[in-house]
Each structure stands twice: as structure tokens, then as C-alpha cells.
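Okay, here's what each chain looks like letter by letter:
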Amino acid sequence: MVKRVFERPLSWIERIFFLDFIRGLSVTIRHAFRKTITTHYPYEKLTPPKRFRGFFGHKVVDGKEPQPAFDEWVERFKIQVEPGKSRCVVCMLCKRACPVPQLFEIEGEKLPDGKRRVSVFNMNLMLCTFCGFCVDACPVDCLFQSDIHETASYTRRDSVLDLQTLERIGRDWQRRREEEPDRIWIDDYQRQRLWHENDLKLPEVER
Amino acid sequence: MEGVVAWLIITLIKIVVILAIVLGVGAYLTLVERKVAAHIQRRPGPMVVGWHGLLQPLADGLKLLTKEDLFPRYGNQFLYNLALVMALVPATLVFAVVPFGPEFEVFGIKVKPILTDVNIGLLLVFALGSMAVFAIALAGWASNSKYALIGSMRKAGIVVSYEVVITFAVMGPIILAGTLSTYDIVQKQIEQNLWYVWLQPLAFVVYMFAMLAETGRVPFDVQEAEAELVTGFTVEYGGMKFGLFPLVEWYIEVLSLSAIAVVLFLGGWSPINIPFLGFIDPLFFLGPLSPFVWFILKVSLLFLFVLWLHWTLPRYRIDQITETAWKVMLPITFVNLVLTAVIAPLVWR
């Protein structure tokens, strides 16, 4: 059913005394004396919700890997598991899932004892659309997207995340927000304080 | 001879003081406008430069002065620069006939705080107001740009319509006061113990609308129309030349027309007036300064009201604006004029 809505013509009283003007003016004056809702950006920062799609990171091995998937992948590829290092098992599923696969440069290396580990993991974020397909594809919950969103940099080199940077972002994330339950933005009463706990010293993140 | 020298010196001092006040206040009104607009939209406005952005106008001025001075190809350089002068000079000249307060005495010399108390002051105001249309038409024409031309044509249409309306609207107070001199009109209101807004509410409302239209304020800002026309006739201007047009149009003209409105309808420097009771002055403790404070207070309140309207109302279409001018406001002012002219000699005086 189509609901027909017509504009109600102004009555003569409204025309003569500008009642509609006065109604509008009262709205604006009420807003003018309320508290402002601005975040003073470079001085105050809001923490994005946990599911924010910001910079990428590698979660490190800390005993909380998704099981049994992690053990299965480690066994299949004979990955050397080292606490405090990336969980990456070099399965290349992230590169597979990516709409711009050339932004990933992933290489593994073979250690003298026959085990393997990831040696190169570069992500060129100049090409990235931050779609998050690679995060969904990761079978061991290694690659993830953090809440770091100040991604401007002075050189193109700085926009390539290498393995060390990814691990640092991951360690920082696991320290700050891993335990936090998922919240939607308006319920996130912690968002005011969380950002300043970030102690990353990335060239991109540093102010 | 000595009298002439004293008169010259006093006039020069007046000119410098008025120019400094008008241009300085005009610059700072940009900050006021930004703050008011921001708070109406629940933003804090400029906060970084100085305490609550108090130095923002200086920073803006510095930025505008150091910008490149561009000139559109195939434009007319002479008219392009002439438009600036034509915009700035008449707008500031209006302050020559604005009375800021009553006559006072310094070192035995009687000083009227008005630059020239000519007996055709109001005529001068509206003649100078009509000059604004030249500036805008020239700016649009000399820029050699479609946007600028459309904007200036719209503005010219509005100014031509509302110049008629505003002139007829001020007829009422002129008939009541029986003089065209701005200083005497205020004196008459004080003598008659009545602000003319109580007798001429229609004329006051029409005057306010015409003032909004002449200064290109919302709801009559079709000549700017950020959405469709970028900024109308100022598109091709750059740097301080660009800064001057809004300064003149939005601040100096609004200020001068508010001052004229205060003089005509709100009793100039007189304190609050209640009909049949006379004047009540809550600021009596300021002594001889109180009239000046009242004048400034009234003008700034009127200016803030204009800002408030600006950031509340949407924009009318050009045809609606001219239609309102010719079909609604002009008849209303005619009715007002006839009633005033018939009744005033019978009842008044």
C-alpha cells in the first residue's frame, strides 16, 4: 500500500507570526547551549571497537591457539613452534583469499633440524583494501586486524608491514585487547581509555 | 582658523577610530560566526589557535595574505579589482552616519560620536547600500566564469528587489521622526519616550528580512549557494581578495544594517523602553558610558539573532525570494506607509 503524505499548508496564524521559524529557532538554540559532542582528535582519541578493520598483525604463540586446528597444521607442515613468535604456518590461504594477491610476499624457510618456519611475511598496504578476507581465511587465528588506524606515512616503504612489525602489533594487541569481549560501539564504555595503552613505536603509529 | 583645525583633528580621530573598530570587529566576527555555527551544530568550533580559538582570525588573515593571487584568464583585470573597492568602500562608508552615542564633552570640546551628522543620513545609507549591487555585478562579470556570473545575477536580482522594500520599510520611522538624520531620529525616540519598533512592528519585520536579503544571509543566500554555485561571485578570487567579499557582505554590511535598525527601531543608545512607562536603565552604574554600552549591546544582539537565523533556516529559491519581495513585502510596506502617513499626523504630536 502506498501511503500518500502531503505537505500540510501553513495556516494564516503560522504565516503571520512565523511560527514555523520560531519552532526551528527554538530547536537550534536548545542545541547551542548543550554540551558539544566533538572528539578533539589529535589530543583525544577514541578506541575503535574490537572488530575494527585497521592495520594487520600476527598473533604470537602464547598457548591460546585454536585447537585442534593449530596442532594439525603444525604437524602437517612440521612447523617450529616458538613461544613469542608468529603463529603463521605458511599455508598461503591468506594470499589465496586476497583480491589483490600480489600484496602478500610470504616465504618459509627450512631449519637445519628439518622443521620449518615463516621467514618473510610482507604485506604491501598500498594495495590493500582492508576487506579482511585474509583474516577470515587464516586457519590458526594468526593474521588479524587491529585497532590501529593512523596509517599515514611519509614513504611508500613505511606502508609495507614486515614480519617483525606484524608480530609487534600482534603482541601489543594480545596484551591490550585479546581478553576483551566483543562489544558494539555504543556499549564500549572502555573505548575512552584503551587507546592510550598502546605503546607501539611503529614509524607509522608514532606521532 | 583654530576651530577648523580642531574640527579636522577630531574628524580624523573619529575616522581612524571608526575604521579600526569596524574592520577589527569585522575580522573578529568571523570567529563569532564560526563559534555560533559550531555550537548550533554541537561542535566546539575553532579551539586550537589561542584560547578557544581566539587568535584564529589572525591566523586566517595571515593565511589569506600569503596565498597566491590568481587571476582568471580572459577576465577583466581592471573591473576585477574595482569590484573589491566598490564592495569595501560603500559598506564601510555607511558607518559615517551611524551614531554611537549621545553628544559628550572632552577638554571643553563638544564631540558627537558620529562622523558626519548630515541631515540626509538615511538617504546616504540606502544609496550606499544600493552601490553593493555594482560591486557584485562587476565581480561576476570580470571573473569570466559561469558560476560567478550566475551568482552575481542572482544577487543583483535580490538586491534590486529588496532595496525597494527596505526603503519603503524605513518610511514609517522617518514619518514618525520627521527627519532623515540618524542622530535626530534617536533623539526623537528619546524625547517621545518610545521605540519605534512598538509602533512599526511590521516595518521592523520587513526591515529584518530585507537586511538578510541584502547581506546575502540565509534564507536568502542563493548567490552563494555552496551546493550549486560553489560560492557564487567570489569563485575566481583568491587570497585576501576572496576573504574581503564575505568580510564585507556577511560582517560589515550586517553590522551596519543592524546599527541602522537599532537607530531606526530600537532607539539607538537609549536603554530598554517599555511603552507608556518610559526608559528603564539597568546599566545606570556605568554612568556616561551606559549609552555606548547599550548601543553596542543592541547591535551585537541583533547580529547574533541574524547568525541564529542563518544557521537555522534552509535556503529559498530565487523565484520565491523575489516573489516574496514584490508580492508580499512591498504591499505590506505600502499598507504600513499609508497607515502611518494617515494616522501619524492625527494622533502623533
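Predicted model only: the values in this text are computed from it and were never measured.

A.B. asks: What am I meant to see in the overall build of chain B here?
C.D. replies: Summing up its helical and strand segments, chain B has 13 helices and 4 strands in all. In terms of overall dimensions, chain B is globule-like: its C-alpha atoms have a radius of gyration of 21 Å, near the 20 Å expected for 349 residues. Overall, chain B is about 60 × 50 × 50 Å in size when its C-alpha atoms are taken along their principal axes. A total of 349 residues make up chain B; the buried ones form 41% of that total. Put simply, 76% of the contacts in chain B that link residues at least 6 apart link residues at least 24 apart.

A.B. asks: I'm lost on the overall build of chain A in this one. Help?
C.D. replies: Assigned secondary structure in chain A consists of 7 helices and 5 strands. Listed N to C, the secondary structure of chain A is α-α-β-α-α-β-β-α-β-β-α-α in terms of helices and strands. Taken across its 207 residues, chain A has 19% of its residues classed as buried. Counting contacts in chain A only where the partners sit at least 6 residues apart, residues at least 24 apart contribute 73% of the total.

A.B. asks: I'm lost on the packing of helix α3 (residues 77-93) of chain B against helix α11 (residues 239-265) of chain B in this one. Help?
C.D. replies: The relative placement of two packed helices comes down to the angle between their axes together with the axis-to-axis distance. Residue and element names in this part refer to chain B. The contact between α3 and α11 brings their axes to 9 Å, and the two run at 25°. Between α3 and α11, the angle falls in the class roughly parallel. Both α3 and α11 take part in a crossing whose hand is left-handed. Across the interface between the two elements, L84, A87, L88, A91 and T92 from α3 touch K241, L244, F245, V248, I252, E253 and S256 from α11. Each residue belonging to the contact of α3 with α11 can be placed in one class, and the counts come to 8 nonpolar, 2 polar and 2 charged.

A.B. asks: How should the sheet that holds strand β3 (residues 116-124) of chain A be read in this particular structure?
C.D. replies: As a general point, the strands of a sheet are linked pairwise by backbone hydrogen bonds and lie either parallel or antiparallel. All names here are of chain A. Strand order in the open sheet formed by 3 strands is β2-β3-β5, with antiparallel pairing between adjacent strands. The two strands at the open ends of the sheet, each matched to only one other strand, are β2 (104-110) and β5 (160-161). Here β2 runs beside β3; their pairing, made up of 7 bridges, is antiparallel. Residue pairing across strands places E105 opposite N122, the latter belonging to β3. Seen against the sheet, helix α6 (residues 163-176) touches β3 and β5 and runs at an angle of roughly 90° to β3.

A.B. asks: How do you make sense of the pairing of β3 of chain A when you look at a structure like this?
C.D. replies: Every regular strand shows the same layout, with side chains that alternate between the two sheet faces. Residues and elements named next belong to chain A. If you look at the hairpin formed by β2 and β3, you'll find 5 residues sitting between the two strands, and G114 has a positive phi there, around 90°. The pairing of β3 with β5 spans 2 bridges and is classified as antiparallel. Opposite N124, over in β5, you have V160 as the bridge partner.

A.B. asks: Looking at this structure, I do not really get unusual backbone geometry. What am I missing?
C.D. replies: Glycine aside, a negative phi is what most residues show, and trans is what most peptide bonds show. Residue P68 of chain A follows Q67 of chain A across a cis peptide bond; omega there is 5°. As for its placement among the helices and strands, P68 of chain A is situated in the loop between β1 (56-58) and α3 (69-77). In this structure, D141 of chain A is a non-glycine residue whose phi angle is positive, near 55°. Positive phi values are uncommon outside glycine, yet R42 of chain B reaches one of about 60°. Position of R42 of chain B among the secondary structure elements: in the loop between α1 (2-40) and α2 (56-65).

A.B. asks: Sorry, what's going on with the nonpolar core here?
C.D. replies: Generally speaking, nonpolar side chains in soluble globular proteins are found buried as a group. With 88 residues, the main nonpolar core has A87, V98, V165, A169, Y207, A210 and A261 of chain B as its most contacted residues. Ranked by residues supplied to this core, first place goes to α11 of chain B with 17 residues. When near neighbours in sequence (up to four residues on either side) are disregarded, A169 of chain B contacts A203, V206, Y207, A210 and T333 of chain B. Residues F70, C88, L166 and W173 of chain A belong to the second largest nonpolar core, which totals 23 residues.

A.B. asks: What exactly am I supposed to notice about the confidence of the model for chain B here?
C.D. replies: Detailed conclusions should not be drawn from predicted coordinates in areas where pLDDT is low. Scored by pLDDT, chain B comes out at a mean of 84, with 98% of its residues at no less than 70. Scoring the predicted complex yields pTM 0.80 and, for the interface, ipTM 0.75.

A.B. asks: Please explain the confidence of the model for chain A as it appears in this structure.
C.D. replies: Of the residues in chain A, 87% have a pLDDT of 70 or more, and the chain-wide mean is 82. Within chain A, the element-level pLDDT minimum falls on helix α7 (residues 191-194) of chain A, averaging 51, and the maximum on helix α5 (residues 133-137) of chain A, averaging 92.

A.B. asks: How do you make sense of helix α7 (residues 182-191) of chain B when you look at a structure like this?
C.D. replies: Every α-helix winds through 3.6 residues per turn, so residues three or four apart in the chain are directed the same way. Residue and element names in this part refer to chain B. Within α7, burial applies to T182, Y183, I185, V186 and Q189. Down the axis of α7, the buried set is contained in an arc of 165°. They therefore lie on one face. For α7, the secondary structure elements touched by its buried residues are α4 (121-142), α6 (171-177), α8 (196-199) and α11. Where α7 ends, the next residue or the one after it, N193, has phi of about 60°, a positive value.

A.B. asks: What should I look at first to understand the packing of helix α9 (residues 201-214) of chain B against α11 of chain B in this one?
C.D. replies: Residues and elements named next belong to chain B. Following both chains from N to C, one finds α9 and α11 inclined at 170°, their axes separated by 10 Å at the closest point. When the axis of α9 is compared with that of α11, the two are roughly antiparallel. On α11, the residues that touch F204, Y207, M211 and E214 of α9 are E253, L257, A261 and F265. Looking at the contact of α9 with α11 residue by residue, the classes come out as 6 nonpolar, no polar and 2 charged.

A.B. asks: Would you explain the environment of V118 of chain A in this entry?
C.D. replies: Residues and elements named next belong to chain A. Structurally, V118 is set in strand β3. In this structure the C-alpha to C-alpha distance between V118 and I169, which are 51 residues apart in sequence, comes to 17 Å. If we skip the residues at most four places from it in the chain, V118 touches S86, C88, V90, G108 and L163.

A.B. asks: Would you mind going over the environment of L55 of chain B with me for this structure?
C.D. replies: Summarising the element assignment, L55 of chain B is placed in the loop between α1 and α2. For the pair L55 of chain B and Y28 of chain B, spaced 27 residues apart in the sequence, the C-alpha separation amounts to 9.1 Å.

A.B. asks: Help me out: how do you make sense of the environment of L257 of chain B in this one?
C.D. replies: Residues and elements named next belong to chain B. Residue placement: L257 occurs in helix α11. Expressed as a C-alpha distance, the spacing of L257 and P275, which sit 18 residues apart in the sequence, is 25 Å. Leaving out residues up to four positions away in the same chain, L257 has contacts with M211, E214 and T215.

Conventions we followed
- Residues numbered from 1 in each chain as written.
- Chains lettered and ligands numbered in written order.
- Predicted model: local features only at pLDDT ≥ 70, side-chain atom pairs only at ≥ 80, totals over all residues.
- Helix = DSSP H or I, 4+ residues; strand = E, 2+ residues; numbered from the N terminus.
- Rg over C-alpha atoms; globule rule 2.2 N^0.38 Å.
- Buried ≥ 20, exposed ≤ 12 C-beta atoms within 10 Å, placed from the backbone.
- Contact = placed C-beta atoms within 7 Å.
- Axes fitted to C-alpha atoms, helices over the stretch in contact; angles between N-to-C directions.
- Parallel < 35°, antiparallel > 145°, perpendicular 65-115°, else oblique.
- Left-handed = near helix turned anticlockwise from the far one by under 90°.
- Nonpolar A, V, L, I, M, F, W, Y, C, P; charged D, E, K, R; others polar.
- Pairing = 2+ DSSP bridges.
- Core = buried A, V, L, I, M, F, W, Y, C linked by C-beta atoms within 7 Å.
- pLDDT = per-residue confidence, 0-100.
- Arc of directions from axis to C-beta.

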